[in-house]
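Each chain, letter by letter, is given below.
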Amino acid sequence: MNKALVVDNVSKYFDGKSEVSLLKQWQARLTGGEIEKPKPINAVKDVTFEVNRREIYGVLGPNGSGKSTLIRMISTLLIPDEGTITVFGCDSVKEEIAVKRMINRVSVDAAFFKKLSPRENLLYGARLYGVSAAEADVTARDILQRLGLRPNSYTAPMEEMSRGMQQKVAIARAFLTQPILLLLDEPTTGLDPRSKREVQAFINELRDTHDATIVLTTHDMQEAEALCERIAILDEGEIVAEDTPDGLKRRVKGDNGNPPTLDDVFLQLTGKHLVKEDESSEEEVIEPVL
Amino acid sequence: MLGHLTLDNVKREVRQEFAFVARNFNLVKRYWAWELVWLCYSTANALAVSFIGAGVGVISPDSNVNTQFLITYLIIGTLVWGFMSQIFNNIAEMIAWERWEGTIEYTFMAPIRRISQMIGQMIFAVLYAMWFVMVIGTAMVLFFDIDLSNANLGGMLVILLAGSVSFAGIGVVGSILPLLYPERGAQMTHIIQAFLLLVSGVYYPTSVLPDWLQFFSQFSPATYVLEGMRTAVLPGSTRSDNLFSYILPLLVIGVVMLPLGVYLFQRAEVYAKRKGCLKRNG
């Protein structure tokens, strides 16, 4: 099967937050007045794209453009309201467990049991995927050594580690299960330049040696250009352009007569400013109020 | 349920269930200071309640109370409630815990069936509750003269195990609340626990409750565990005195509640994935 991922006319809506307080809504109910209904917010709008096997596919977009919502839908953490997502031919809703076996995800927030050590966290994660602890332990040490984690950090609590180091453990956690579709949601945010390069080299190696397909969201245009074979630009939930990095650059004009860069592509197609890395926390999905 | 029943599938299933047992023991180990505080508090609380039995004769010298009987009655209440509430807490807080740590998305993204997650959590909960109650029970033996020579120990064990399944089922239902209500769900589970404490006759016979509360007592598994344990331990009852009449309702509640809880949890998970409730941490 050549298609690793098919996203077909996918949309996602979230309940909006009402501007009127609950008390006033009850007052309106009791007095028979008009009740303001929260407006649904269309976080992802009719998105369609395909990713080929062994391809590294980039999704770029400003904060709030729907990148993380899209990744969550592919990860089976959100159910699309419209459209379908298939991973190597398996539907993400109807064949959820089969899809989960093929994927893993690294997100910008390295979520761990903070009191536990990298070893304890990684063995927990590996066991969830049915990997034996002995096998996972050897692989985890190897990956973390490759990513530059000090050996004595392996058994110390995660809370004692820097954010960058925690992110490396998060990357190791995803690689440990040998996913054939890896979803990287801003994986190098918070890493120093050397660590970024190590991770980027590792991503390339994973694709080449483990036959993995990778979907990458990032704010780092250099990273996108270095890694991605094709890139989709997402803005306000919609794909506004999809092409190779060079193809995208041909669509826009460079700044001050210089050849166009991906930064120019981003700015001109989204009409928004680039987000500095330290501001680029995980984009906010519109959250339900319950 | 296991797909093809191959050795590899069974191994994977066992590893997945063990993931929760190992993780929770690691958390207990890392949060040892909190565990110690909680254990001390629970032991002091159990002793304080049991001393009420010793104090009744002093408070009301004219009352014709069998102090030893009353102390044993209260000790059974504190130990059984300690055991059951630990199981309930561990299972009901399974989601709340993941929300506090921010790991909920990773656990829900893993290719694990919810029933396997529940089984793993339940195994840990029973082991932890047994250890917890053994420590408190040891403290009780040091303070009070407890006579178990006429107790039906086998019957007690069967009742406890049957009660564990029932309480696990209620715990699974309770764990739905933090799944649906990220901010207040964990507190809501305490309301269920408080209500069970009130209606189950932990420190008194349910017959002293108002009729409308007694109505709810019959649906609480703790009612049958407590009555069964008291029948098995306290003098005046024969060794096998109708223990089955307590075990049967426990098995019925367990058989109904556990699958029902898992089913409701799965429905709630689908709802949470539609509404985007998994993301937020409470």
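Residues numbered from 1 in each chain as written. Chains lettered and ligands numbered in written order. Predicted model: local features only at pLDDT ≥ 70, side-chain atom pairs only at ≥ 80, totals over all residues. Heavy atoms only, no water.

Undergrad: Please give an account of the overall build of chain B that cites residues and values.
TA: For chain B, the helix and strand inventory stands at 10 helices and zero strands. Moving toward the C terminus, one meets the helices and strands of chain B in the order α-α-α-α-α-α-α-α-α-α. Its C-alpha atoms give chain B a radius of gyration of 20 Å, near enough to 19 Å, the size a compact globule of 282 residues would have. Overall size of chain B, expressed as C-alpha extent along the three principal axes, is 65 × 40 × 35 Å. (Helix = DSSP H or I, 4+ residues; strand = E, 2+ residues; numbered from the N terminus. Rg over C-alpha atoms; globule rule 2.2 N^0.38 Å.)

Undergrad: Can you break down the interface of chain B and chain A residue by residue, with the values?
TA: Taken together, the 42 residues of chain B in the interface contact 46 residues of chain A. Taking both sides of the interface into account, the surface hidden between chain B and chain A amounts to around 4000 Å²; carbon and sulfur atoms contribute 58%. Of all residues in chain B, the largest losses of buried area upon contact with chain A belong to B:Arg30, B:Tyr106 and B:Met109, amounting jointly to 20% of the total for that side. B:Arg30 serves as the salt-bridge partner of A:Glu120, at 3.0 Å between the closest nitrogen and oxygen. Inspection of the chain B/chain A interface yields 18 residue pairs in polar contact (both at pLDDT 80 or more). (Contact = heavy atoms within 4.5 Å. Buried area = accessible area lost by both parts, 1.4 Å probe. Salt bridge = Lys/Arg side-chain N within 4 Å of Asp/Glu carboxyl O. Polar contact = N/O pair within 3.5 Å; in protein donor to acceptor, adjacent residues only side chain to side chain.)

Undergrad: Go over the sheet that holds strand E10 (residues 238-243) of chain A, please, and point to the residues and values.
TA: All names here are of chain A. Ordered by their spatial adjacency, six strands build an open sheet running E6-E7-E8-E3-E9-E10, and the pairing between neighbours is mixed. With partners counted over all chains shown, the strands left at the sheet margins are strand E6 (103-106) and E10, one partner each. If you compare each strand with its neighbour and ignore which way they point, the axes differ by 15° on average. Bridging between E6 and strand E7 (residues 181-185) involves four bridges; their strand directions are parallel. (Pairing = 2+ DSSP bridges. Axes fitted to C-alpha atoms, helices over the stretch in contact; angles between N-to-C directions.)

Undergrad: Can you explain a nonpolar patch on the surface? Please cite residues and give values.
TA: Taken together, the side chains of B:Phe244, B:Leu248, B:Val252, B:Val256, B:Leu260, B:Tyr263 and B:Leu264 present a nonpolar region at the surface, about 640 Å² in accessible area. Looking at where B:Val256 falls in the secondary structure, it is placed in helix H10 (residues 243-275). (Patch = residues over 30% accessible without salt bridge, like charges linked within 9 Å, V, L, I, M, F, W, Y side chains within 5 Å. Areas by Shrake-Rupley, 256 points an atom, 1.4 Å probe, with all protein chains shown as cover.)

Undergrad: Any chance you could break down the pattern of salt bridges for me, citing the residues and the numbers?
TA: Residues and elements named next belong to chain A. All told, the structure shown has 29 salt bridges over all chains when counted by the stated rule. A salt bridge links Glu55 to Arg230, with the nearest nitrogen and oxygen atoms 2.5 Å apart. Of this pair, Glu55 sits in the loop between strand E2 (41-52) and strand E3 (56-60) while Arg230 sits in strand E9 (residues 230-235), placing them 175 residues apart in sequence. Taking relative accessible area as the criterion, Glu55 reaches 4% and is therefore assigned buried. We note a salt bridge from Lys196 to Asp220, for which the minimum N-O separation is 3.0 Å. Taken together, the positions of Lys196 in helix H7 (residues 193-210) and Asp220 in the loop between strand E8 (213-218) and helix H8 (221-227) put the pair 24 residues apart, joining distant regions of the chain. Residue class for Asp220 comes out buried when judged on its relative accessible area of 16%. In the salt-bridge network here, residues are joined through shared partners; they are Arg53, Arg54, Arg207, Asp208, Asp211 and Glu229. (Buried < 20%, exposed > 50% of the residue type's maximum accessible area, 1.4 Å probe, protein only.)

Undergrad: Describe the packing of aromatic side chains, and please don't skip the residues or the numbers.
TA: Throughout the structure, instances matching the rule amount to 17 aromatic pairs over all chains. Consider the rings of A:Phe49 and A:Tyr57, whose centres lie 4.9 Å apart with planes at 10°: the pair is stacked. Each ring, one from B:Phe195 and one from B:Phe216, has its centre 5.3 Å from the other, and the planes form 75°; the classification is edge-to-face. Residue B:Phe195 is located in helix H7 (residues 185-199), and its partner B:Phe216 is located in helix H8 (residues 211-217); the two are separated by 21 residues in the primary sequence. Here B:Phe195 falls in the partly exposed class, since its relative accessible area comes to 35%. The class of B:Phe216 is partly exposed, set by a relative accessible area of 33%. Grouping aromatic residues by their ring pairs yields a cluster made of B:Phe25, B:Phe124, B:Tyr128, B:Trp131 and B:Phe132. Looking at A:Arg105, its charged tip hangs above the ring of B:Tyr106, at a distance of 5.9 Å from the centre. The ring centre of B:Phe108 lies 4.2 Å from the NZ or CZ of B:Arg114, which sits over that ring. (Phe/Tyr/Trp six-rings, centres within 6.5 Å; stacked < 30°, edge-to-face > 60°. Lys NZ or Arg CZ within 6 Å of the ring centre and 35° of its normal.)

Undergrad: Please set out a negative patch on the surface residue by residue, giving values where relevant.
TA: A surface patch of like charges, here negative, comprises A:Asp8, A:Asp46, A:Glu82 and A:Glu238. Along the chain, A:Asp46 falls in strand E2. (Lys, Arg positive; Asp, Glu negative; His and termini not counted. Charge placed at Lys NZ, Arg CZ, Asp CG, Glu CD.)

Undergrad: Requested: an account of the pairing of strand E4 (residues 82-87) of chain A, with residues and values cited.
TA: Residues and elements named next belong to chain A. In this sheet, E4 lies alongside strand E1 (residues 3-14) in antiparallel orientation, the contact comprising five bridges. Within the sheet, the bridge partner assigned to Ser11 lies in E4 and is Glu82. Direction of pairing for E4 relative to strand E5 (residues 90-91): antiparallel, over a ladder of two bridges. Within E5, the position partnered with Val87 by the bridge is Cys90. Counted along the chain from E4 to the antiparallel partner E5, the turn is two residues long, and its residue Phe88 has a positive phi close to 45°.

Undergrad: Please set out the nonpolar core residue by residue, giving values where relevant.
TA: Among soluble globular proteins, nonpolar side chains are generally buried collectively. One finds B:Ile87, B:Leu179 and B:Phe265 to be the most contacted residues of the largest nonpolar core, which totals 131 residues. Looking at which element gives the most residues to this core, the answer is helix H3 (residues 67-101) of chain B, with 16 residues. A:Ala4, A:Tyr57, A:Val59 and A:Leu70 belong to the second-largest nonpolar core, a separate cluster that totals 29 residues. (Core = buried A, V, L, I, M, F, W, Y, C linked by side-chain atoms within 4.5 Å.)

Undergrad: An account of unusual backbone geometry is requested, with residue identities and associated values reported.
TA: Residue and element names in this part refer to chain A. Even without a glycine there, the phi angle at Asn9 is positive, about 50°. The phi dihedral of Thr76 is positive, around 70°, even though this residue is not glycine. When you line up the elements, Thr76 lands in the loop between helix H2 (67-74) and E4. Here Thr76 falls in the buried class, since its relative accessible area comes to 2%.

Undergrad: Just give me the short version of the sheet that holds E2(A), but keep the residues and values in it.
TA: Residues and elements named next belong to chain A. Read across the open sheet, the four strands follow the order E2-E1-E4-E5; overall the sheet is antiparallel. The open sheet has two free edges, formed respectively by E2 and E5, since each of these has just one partner strand. In the sheet, E1 pairs with E2 via eight bridges, with the strands oriented antiparallel. Counterpart to Val10 in the pairing with E2 is Val47.

Undergrad: Go over the packing of H3(B) against helix H9 (residues 221-233) of chain B with me, naming the residues and quoting the values.
TA: Residues and elements named next belong to chain B. Two elements in contact, H3 and H9, have axes separated by 10 Å at closest approach and are oriented at 140°. By the angle between their axes, H3 is oblique relative to H9. As for how H3 packs across H9, the hand of that crossing is right-handed. Residues Thr72, Tyr73, Ile76, Gly77, Val80, Trp81 and Met84 of H3 form the contact with H9, whose participating residues are Ala222, Val225, Leu226, Met229, Arg230 and Val233. (Parallel < 35°, antiparallel > 145°, perpendicular 65-115°, else oblique. Left-handed = near helix turned anticlockwise from the far one by under 90°.)

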